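What follows is each chain in one-letter form.
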Amino acid sequence: MALPQKHFKRGSTKPELPDDGVLRFFSMAFCPFSHRVHLMLAAKQIEYHKIYIDLIEKPEWYKEFSPLGKVPAVQLTGVEDQPTLVESLIIAEYLDQQYPQTRLFPKDPLQKALDKILIERFASVVSAIYPVLTCNPNAPADAIPNFENALDVFEVELGKRGTPYFAGQLIGIVDYMIWPWFERFPSMKINTEQKYELDVKRFEKLLKWRDLMAQDEAVQKTALDVQLHAEFQKSKTIGSPQYDIAFKGKP
């Protein structure tokens, strides 16, 4: 059953969701945290139904699935009495354990813990650049320096690991969990006065990593064009987020 490619909003009728044992994935097309889960589903080739949610005007029925109204959310079996998971990293860990093909978390408990800590440290990168990335006219003057200082941690860590990916020779959980923002960073070249781009010398290793990641099948399957990211952020700035431009040009 094909669900409509649109974001359900306040007043919308609850879609008919088949009880077929397939995961239900509640998302917003431009949400980087939802993107994390989308990457997991694509990498593991897990079948799912995707339902898009307008985060400004959330449909009333969405609280049946996500009491706090958050995305991403995953209902485990597509059956009404089954629980729903929220929080991207929790969902990612569940999917990795439940669908062990293409393991993405390290098997070693210590390395797994260290990788989860590293993923949490990316929050400082996101919080520093968020006002710039989202075209906030009141972004702090030191937003970009703070962002670059936070991102230095990942440049250094990739150098310490001495491998193409944070996980080693193959992509792993750290790679996928931080990737969504690297897909969005280039939109700053379009939306900022200084046409901001990552410094090629300061972030040499991360930029090589970015180029490798862009070749990954799951990354390509879940990608949105940088121009769409830029247009969406501009629409948010004027108070009218255009969620459905994600489907521009799609049948």
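Residues numbered from 1 in each chain as written. Predicted model: local features only at pLDDT ≥ 70, side-chain atom pairs only at ≥ 80, totals over all residues. Heavy atoms only, no water.

## Some details on the UniProt feature "domain: GST C-terminal" (unreviewed entry) in the protein chain
Under the feature "domain: GST C-terminal" (unreviewed entry), the UniProt entry names residues 108–237. As annotated, residues 108–237 comprises 68% helix and 0% strand, and the C-alpha atoms at either end are separated by 44 Å. (UniProt positions renumbered as here; feature names shortened; annotations may be inferred. Helix = DSSP H or I, 4+ residues; strand = E, 2+ residues; numbered from the N terminus.)

## Here we look at the packing of aromatic side chains
A ring pair, where both rings are aromatic, is described by two values, the distance of the centres and the angle of the planes. This structure, assessed with the given rule, holds 19 aromatic pairs. Ring centres 5.1 Å apart and planes at 70 degrees place the aromatic pair Phe147 and Phe185 in the edge-to-face group. Of this pair, Phe147 sits in helix H4 (residues 143–161) while Phe185 sits in the loop between helix H5 (173–184) and helix H6 (187–191); the two residues are 38 residues apart in sequence, bridging distant segments of the chain. Three or more aromatic residues joined by ring pairs form one cluster here, namely Phe33, Phe122, Phe147, Phe154, Phe166, Trp179, Trp181, Phe182, Phe185, Tyr196 and Trp209. Stacked on the ring of Phe105, the Lys or Arg Lys112 has its end atom at 5.3 Å from the ring centre. (Phe/Tyr/Trp six-rings, centres within 6.5 Å; stacked < 30°, edge-to-face > 60°. Lys NZ or Arg CZ within 6 Å of the ring centre and 35° of its normal.)

## Some words on the domain arrangement of the protein chain
When its domains are assigned, the protein chain resolves into domain 1 (1–103) and domain 2 (109–215). For domain 1 and domain 2, the distance between their C-alpha centres works out to 25 Å. Of the residues lining the interface, 14 residues belong to domain 1; the matching set on domain 2 comes to 12 residues. Across the domain 1 to domain 2 interface the summed buried area is about 1,200 Å²; carbon plus sulfur atoms make up 68%. In this structure, the connection of domain 1 to domain 2 is made through 2 salt bridges. (Domains from an automatic or database assignment. Contact = heavy atoms within 4.5 Å. Buried area = accessible area lost by both parts, 1.4 Å probe. Salt bridge = Lys/Arg side-chain N within 4 Å of Asp/Glu carboxyl O.)

## Let's talk about the nonpolar core
Within the largest apolar cluster, 56 residues are counted, with the highest numbers of intra-cluster contacts made by Phe122, Tyr176, Phe182, Phe185 and Trp209. A total of 9 residues in this core trace back to one element, the largest contributor, which is helix H3 (residues 109–133). When residues are assigned to domains, this core turns out to be shared by domain 1 (1–103) and domain 2 (109–215), each giving three or more. Ignoring any residue separated from it by four or fewer positions in sequence, one finds Trp209 in contact with Leu158, Pro164, Tyr165, Phe166, Asp175, Ile178, Trp179 and Phe182. Residues Ala29, Ile51, Tyr62 and Tyr243 belong to the second largest nonpolar core, which totals 22 residues. (Core = buried A, V, L, I, M, F, W, Y, C linked by side-chain atoms within 4.5 Å. Buried < 20%, exposed > 50% of the residue type's maximum accessible area, 1.4 Å probe, protein only.)

## Some words on the sheet that holds strand E4 (residues 73–75)
In space, the 5 strands of this open sheet follow the order E1-E3-E2-E4-E5, with mixed pairing throughout. In this open sheet, the two edge strands, each paired with only one partner strand, are strand E1 (7–8) and strand E5 (84–86). In the packing of helix H1 (residues 32–43) onto the sheet, contacts are made with strand E2 (23–27), strand E3 (48–53) and E4, and the angle to E2 comes to roughly 150 degrees. (Pairing = 2+ DSSP bridges. Axes fitted to C-alpha atoms, helices over the stretch in contact; angles between N-to-C directions.)

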